[in-house]
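Below, each chain spelled out in residue letters.
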Amino acid sequence: MTSATDPCSFSSFSKCVTKHLNLTFHVDFDSHVLKAKVALTVEVLVDNFTSLTLDTKDLKVSKVTANGQAAKFTLGAKHSFMGTPLEITLPFDLSRGQYVIVEVTYETAPSASALQWLTPEQTAGKKHPYLFSQCQATHCRSMVPCQDTPAMKHTYYAQVSVPKELVAVMSALRDGEEPDPQDSSRIIYRFRQPVPMPCYLIAIVVGALESREIGPRSRVWSEKEFVDKAAYEFSETETMLKTAEGLAGPYVWGQYDILVLPPSFPYGGMENPCLTFATPTLLAGDRSLSSVIAHEISHSWTGNLVTNKTWEHFWLNEGHTVYLERMIGRSMESEQFRQFKAMGGWKDLQESVNTFGANNPLTNLVPNLNEVDLDEAFSSVPYEKGFSLLYHLEELMGGPEVFMGFVKSYIQLFSYSSVTTEEWKHYLFTYFKNKVGILNKVDWNAWMYTPGMPPVKPQYDSTMADACIALCKRWVKTKEGDLGNFSEVDVKTLSTHQLIEFLSLLLQEEPLPLSHVKRMQEVYQLNAFNNAEIRFRWLRLCVKSKWEDAVPMALKMATEQGRMKFTRPLFKEVYNFDKYHEEAVRVFIAHRAAMHPVTANLVAKDLKVDTDKST
């Protein structure tokens, strides 16, 4: 067992653990704050227990009680990204095994990093304001004083007061609603989450929301402008859930709803229990199997049910989730499809390693996160290096069915708890006790604690990729005089996934001559594609080739939606085009207020914008 500390949290979980949170939120759209109370049910793990520390960030704490009695509290020194420890002294001593209810009355800051407040103009409906949260990795402390570490799992209950024309939803089961007894213009929504979960999965959304049923245990939620399109797009949800249950065991969370957020949501999806968040960039209208939803569904087992104990072990969440997501793709499509997606993932990993630098310790599968801002450490490394390790082990242990047996067994054993890499590895050796000789030959140090690409490159089946590779080579080798040899027939038989792969391969090459990208637009009409994955790669390709017409389109895509996967590289690409260097900065500064705080902060660093001067 590793010691009970987390470099990303002030709260030591060796002395006490949170078992339940009772949350009361009054959502104030005028002042952009939550006026709140949280009662933490805490189990004591040591004798002579008199004090505890909670994580907070920019919270205004007005009162603390312990079992109803006033408790002394002080806020420690503010850390640049970890926030401020809240030190609470109890008015009594407790012994190991006892419980205490600590209640904190507080208010969030308008700038809370977990919360984004949208004006009516920033929504699809343009009439009502909107609020959404994003707590992963360590932003929950800016919304709730808590032990903000994934080592801690607890249930929660919540009551949320909102203006009555709005609807609140949370990462929990809906438990009724009633008029707010203190204010007839407001309504209180109630929620309960009976399955213990880490606090980074607490999520709240308030807006002019509607929902549609898309399956026996699923609804889709969004503003009414998107809701029917979203219901169509995510109609395969129940099939995916059943497929995942067949692979990983029963789905324990009861409800599986999907909420399509406004465009500024910074991620593709977020696996909040009972309420997956999804970016509107998924609403492409081509209904290709959404790997984002397959990924978020998979998190119901790997991440939400079995959780990394600290963020250094993030690959346990993401590597297993990518593995399970691709197994769902294998069941619903084919093994060749899984191999094809894995090849694309290897390229994403290569791009992350190139961006960070091959010697950067943040490219370790298990990085040291002492004094590291997790928002800046985020990349495809835990996802794709993690998947590569699991795929490599699958090949060594006897194939997908055999290895999926281990993954399912690992999920069953560690359900409802948090694990470290050491515990995972120990169980791997226990489960495959007849193959320990083979496992001992794996270079664990190179996989886990060495930066750069993995020590083994898997040989994936390239059947689905061959057409993409061949077309990419043709474009790279063709001289200007031979551009007439290309026609729309080249891409007619390619699936959406293959077209994305073709463009990804071109992005790894030297920039194409301008004449080539112009011809590509002529024959393939790529500007007309609405699929965000295609559009994003195509615009990057054009800007790399210095096609000036593409610059306004690239900046438009970078600002119309805020998914960091698209926004950051598009801004960087324009910034690196010398002639438009200043234009990239100007557009960023003009749009920065509408961006999610995490996105705005990281784009500012990418573009070397001084955060203090430009606000």
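Residues numbered from 1 in each chain as written. Predicted model: local features only at pLDDT ≥ 70, side-chain atom pairs only at ≥ 80, totals over all residues. Heavy atoms only, no water.

*Asks:* Describe in detail the overall build of the chain, supporting the description with residues and values.
*Replies:* For the chain, the helix and strand inventory stands at 21 helices and 22 strands. Counting only C-alpha atoms, the chain reaches 85 × 65 × 50 Å along its principal axes. Residue pairs at least 24 apart in sequence account for 71% of intrachain contacts in the chain once pairs closer than 6 positions are excluded. For the chain, the exposed area adds up to about 24,000 Å²; of that, 50% sits on carbon and sulfur atoms. Where the 62 positive side-chain charges of the chain centre and where its 71 negative ones centre are 1 Å apart. (Helix = DSSP H or I, 4+ residues; strand = E, 2+ residues; numbered from the N terminus. Contact = heavy atoms within 4.5 Å. Areas by Shrake-Rupley, 256 points an atom, 1.4 Å probe, with all protein chains shown as cover. Lys, Arg positive; Asp, Glu negative; His and termini not counted. Charge placed at Lys NZ, Arg CZ, Asp CG, Glu CD.)

*Asks:* Which residues make up the UniProt feature "binding site: a peptide" (unreviewed entry) in the chain, and what values go with them?
*Replies:* Residues given the UniProt feature "binding site: a peptide" (unreviewed entry) here are Gln-134, Cys-135, Gln-136, Pro-266, Tyr-267, Gly-268, Gly-269, Met-270, Glu-271, Arg-563, Met-564 and Lys-565. Overall, the relative accessible area of 2% leaves Cys-135 in the buried class. Cys-135 has contacts with Ala-114, Cys-140, Met-143, Cys-199, Tyr-200 and Ile-202, leaving out every residue within four places of it along the chain. For Gly-269, the position within the fold is in strand β19 (residues 269–270). When near neighbours in sequence (up to four residues on either side) are disregarded, Gly-269 contacts Phe-277, Ala-278, Val-292 and Glu-296. (UniProt positions renumbered as here; feature names shortened; annotations may be inferred. Buried < 20%, exposed > 50% of the residue type's maximum accessible area, 1.4 Å probe, protein only.)

*Asks:* Could you give me a rundown of the environment of Leu-602, with the residues and numbers involved?
*Replies:* Note on placement: Leu-602 falls in helix α20 (residues 597–606). Distance in space between the C-alpha atoms of Leu-602 and Glu-376 is 7.2 Å, their sequence separation being 226 residues. With residues near it in sequence (within four places) discarded, Leu-602 still touches Asp-375, Glu-376, Met-564 and Arg-568.

*Asks:* Outline the domain arrangement of the chain, supporting the account with residue identities and numerical values.
*Replies:* Under the domain assignment used here, the chain contains domain 1 (1–112 + 131–194), domain 2 (301–449) and domain 3 (463–607). One C-alpha centre belongs to domain 1, the other to domain 2; they are set 31 Å apart. Each side of the interface is counted separately: domain 1 has 16 residues, and domain 2 has 23 residues. Three residues, Phe-81, Pro-150 and Lys-153, lead the burial of domain 1 against domain 2; their summed loss comes to 36% of the area buried on that side. Applying the counting criterion to the domain 1 and domain 2 interface returns zero salt bridges. There are eight residue pairs in polar contact (both at pLDDT 80 or more) connecting domain 1 and domain 2. Per-class residue counts for the side of domain 1 that touches domain 2 are seven nonpolar, seven polar and two charged. (Domains from an automatic or database assignment. Buried area = accessible area lost by both parts, 1.4 Å probe. Salt bridge = Lys/Arg side-chain N within 4 Å of Asp/Glu carboxyl O. Polar contact = N/O pair within 3.5 Å; in protein donor to acceptor, adjacent residues only side chain to side chain. Nonpolar A, V, L, I, M, F, W, Y, C, P; charged D, E, K, R; others polar.)

*Asks:* For the environment of Val-603, give the residues involved together with the corresponding values.
*Replies:* For Val-603, the position within the fold is in helix α20. For the pair Val-603 and Pro-569, spaced 34 residues apart in the sequence, the C-alpha separation amounts to 9.1 Å. Contacts of Val-603, omitting those with residues within four sequence positions, involve Thr-567, Arg-568, Phe-571 and Phe-588.

*Asks:* Outline the sheet that holds strand β15 (residues 204–207), listing residues and values.
*Replies:* An order of β9-β10-β15-β12 is seen for the four strands of this open sheet, with the pairing classed as antiparallel. Each of the sheet's edge strands pairs with one partner strand only, and the pair in question is β9 (115–118) and β12 (167–170). When strand polarity is set aside, the average angle formed by the axes of neighbouring strands in this sheet is 15 degrees. Relative to β15, strand β10 (residues 130–133) is paired through two bridges, and the arrangement is antiparallel. In the strand pairing of β15, Phe-132 is matched with Val-205. (Pairing = 2+ DSSP bridges. Axes fitted to C-alpha atoms, helices over the stretch in contact; angles between N-to-C directions.)

*Asks:* Account for the pattern of salt bridges, naming residues and giving values.
*Replies:* Taken as a whole and judged by the stated rule, the model has 35 salt bridges. Between Arg-326 and Glu-384 there is a salt bridge whose closest N-O contact spans 2.7 Å. With Arg-326 in helix α4 (residues 314–332) and Glu-384 in helix α7 (residues 381–397), this pair connects stretches of sequence that are 58 residues apart. Under the relative-accessibility criterion, Arg-326 is labelled buried at 7%. The partner of Arg-540 in a salt bridge is Glu-351, with the nearest N and O atoms 3.1 Å apart.

*Asks:* Go over the pairing of strand β7 (residues 84–94), please, and point to the residues and values.
*Replies:* Regular strands have side chains that alternate between both faces of the sheet. With seven bridges connecting them, strand β3 (residues 49–56) and β7 associate as antiparallel partners. The partner of Ser-51 across the bridge, within β7, is Thr-89. Pairing geometry for strand β6 (residues 72–75) and β7, over four bridges, is antiparallel. In the sheet register, Leu-75 faces β7, and the bridge partner there is Leu-86.

*Asks:* Give a detailed account of the packing of α4 against α7, specifying residues and quantitative values.
*Replies:* Their axes nearest at 7 Å, the elements α4 and α7 cross at an angle of 65 degrees. α7 is crossed by α4, and the crossing has right-handed handedness. Across the interface between the two elements, Phe-314, Trp-315, Glu-318, Gly-319, His-320, Val-322, Tyr-323 and Arg-326 from α4 touch Pro-382, Tyr-383, Glu-384, Gly-386, Phe-387, Leu-389, Leu-390 and Glu-394 from α7. Considered class by class, the residues forming the contact of α4 with α7 number nine nonpolar, three polar and four charged. (Left-handed = near helix turned anticlockwise from the far one by under 90°.)

*Asks:* Can you lay out helix α5 (residues 335–356) for me, pointing to particular residues and giving the numbers?
*Replies:* Taking 1.5 Å of rise per residue, 22 residues should cover 32 Å, and α5 covers 32 Å from first to last C-alpha, within 8% of that figure. Burial in α5 covers these residues: Phe-337, Arg-338, Gln-339, Phe-340, Ala-342, Gly-344, Gly-345, Trp-346, Lys-347, Leu-349, Ser-352 and Val-353. For α5, the secondary structure elements touched by its buried residues are α4, α7, α8 (400–414), α12 (463–477) and α14 (496–508). Downstream of α5 by a residue or two, Gly-357 has a phi angle that is positive, lying close to 100 degrees. (Expected span 1.5 Å × (residues − 1).)

*Asks:* Can you tell me about the sheet that holds β3, naming the residues and giving the values?
*Replies:* Whether parallel or antiparallel, the strands of a sheet pair through hydrogen bonds between backbone atoms. As summarised here, the arrangement of the three strands in space is β3-β7-β6, forming an open sheet in which the pairing is antiparallel. If you trace the sheet from one side to the other, it starts and ends with β3 and β6, each paired once. Strand-to-strand, the axes of this sheet are offset by a mean angle of 20 degrees, without reference to chain direction.

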